[in-house]
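Here is what each chain is made of, one letter per residue.
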Amino acid sequence: MAPSPAAAGGWPPGLPLGTERLILRPFRESDFADVHEYASDPEVTRHLRWGPNGPAETRSFLRLVIAQTRAPGTSLYDLAVVERASSRVRGGLSLLERAPGLVEIGYCFARPVWGLGYATEAVGSAVRFAAVRFAGADLFALVASGNPASERVLLRAGFAPALDASPYAAWMTGVCSTARVFRQRCRPPA
């Protein structure tokens, strides 16, 4: 499934990713309507460090992540989570190397697909990608207080609560200032 970078319009090797119901691929400008639907929703962005977005912020986000994800040697992967059945972007997932050997994963999904298991599928696919791209790295997620659904997603994907949050303190700002940290080691496939 992984096209070469040239075939994918400059996408990094290993993208797009897929599951039975989802495709994870770099964002496109044509994703605006779907992205803005969830990015402008106050309930979707309640536990996030950004949003809700206005139209200009959503357009700016798309321009930025399209350029960053296609940059040679990138350590940021902001991916659209596309529902195969409808071809609609139903959420976003990011992997960002915060420091050598320290990779943050984050995600959000449109309300109409909450409870369908899409987040679990997407995170699982991203963890497999991270195991190859960031082998041996510490993969972590910050979960804002009051977001048990996100905690369940991470536990199903093999994450565990971090016993010591201090290595992640630099990124625990805003709604994440009192976040719980979940982590796992990126292990290359056997």
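Above this note sits the structure.
All of the points below concern the structure found in this document.

Conventions used here
Residues numbered from 1 in each chain as written. Predicted model: local features only at pLDDT ≥ 70, side-chain atom pairs only at ≥ 80, totals over all residues. Heavy atoms only, no water. Core = buried A, V, L, I, M, F, W, Y, C linked by side-chain atoms within 4.5 Å. Buried < 20%, exposed > 50% of the residue type's maximum accessible area, 1.4 Å probe, protein only. Helix = DSSP H or I, 4+ residues; strand = E, 2+ residues; numbered from the N terminus. Expected span 1.5 Å × (residues − 1). Pairing = 2+ DSSP bridges. Contact = heavy atoms within 4.5 Å.

**Examining the nonpolar core**
In a soluble, globular protein the nonpolar side chains are often hidden away together inside.
Here is step 1 of the chain: Judged by nonpolar contacts, the single largest core of 33 residues is most densely connected at Leu93, Leu95, Ile105, Val123, Leu139 and Phe159.
Here is step 2 of the chain: Sorting the residues of this core by element identifies strand S2 (22-26), strand S3 (76-83), strand S4 (89-99), strand S5 (102-109), helix H4 (118-133), strand S6 (138-143) and helix H5 (148-156) as the ones contributing at least two each.
Here is step 3 of the chain: Among the nonpolar cores identified, the runner-up in size contains 14 residues, and Val35, Tyr38, Val65 and Val89 belong to it.

**A short note on H4**
Here is step 1 of the chain: An ideal rise of 1.5 Å per residue puts 22 Å on 16 residues; H4 measures up with 22 Å between its terminal C-alpha atoms.
Here is step 2 of the chain: Where burial is concerned, most of H4 is hidden: 12 out of the 16 residues are buried.
Here is step 3 of the chain: Within the sequence span of H4, burial applies to Tyr118, Ala119, Glu121, Ala122, Val123, Gly124, Ser125, Ala126, Val127, Phe129, Ala130 and Ala131.

**Describing the pairing of S3**
Here is step 1 of the chain: With 8 of 8 residues buried, S3 lies mostly within the body of the structure.
Here is step 2 of the chain: Side chains Leu76, Asp78, Ala80 and Val82 project from S3 onto one buried face, and the interleaved Tyr77, Leu79, Val81 and Glu83 project onto a second face that is buried too.
Here is step 3 of the chain: Here S2 pairs with S3 via 5 bridges, running antiparallel. Its bridge partner lying in S3, Pro26 is registered against Leu79.
Here is step 4 of the chain: When S3 meets S4, the two strands line up antiparallel, connected through 7 bridges. Bridge pairing in S4 links Leu76 to Leu96.

**Digging into the side chain of Ser150**
Here is step 1 of the chain: By the element assignment, Ser150 lies in helix H5.
Here is step 2 of the chain: Setting aside anything within four residues of it in sequence, one finds Ser150 in contact with Tyr107 and Val143.

**What to know about the environment of Val123**
Here is step 1 of the chain: In this fold, Val123 is placed in helix H4.
Here is step 2 of the chain: With relative accessibility at 0%, the residue Val123 sits in the buried group.
Here is step 3 of the chain: Placed 86 residues apart in sequence, Val123 and Glu37 show a C-alpha to C-alpha distance of 21 Å.
Here is step 4 of the chain: Every residue in contact with Val123, bar those within four places of it in the chain, is listed here: Leu93, Ile105, Tyr107, Val153, Leu154, Ala157 and Phe159.

**Side note on the sheet that holds strand S8 (residues 180-185)**
Here is step 1 of the chain: Here 8 strands make up an open sheet; going across it, the order is S1-S2-S3-S4-S5-S6-S8-S7 and the pairing mixed. One side of each edge strand has no neighbouring strand; the edge strands of this open sheet are strand S1 (17-18) and strand S7 (160-161).
Here is step 2 of the chain: For S5 and S6, the ladder comprises 3 bridges, and the chain directions are parallel. Each residue of the ladder has a partner; that of Glu104, found in S6, is Phe140.

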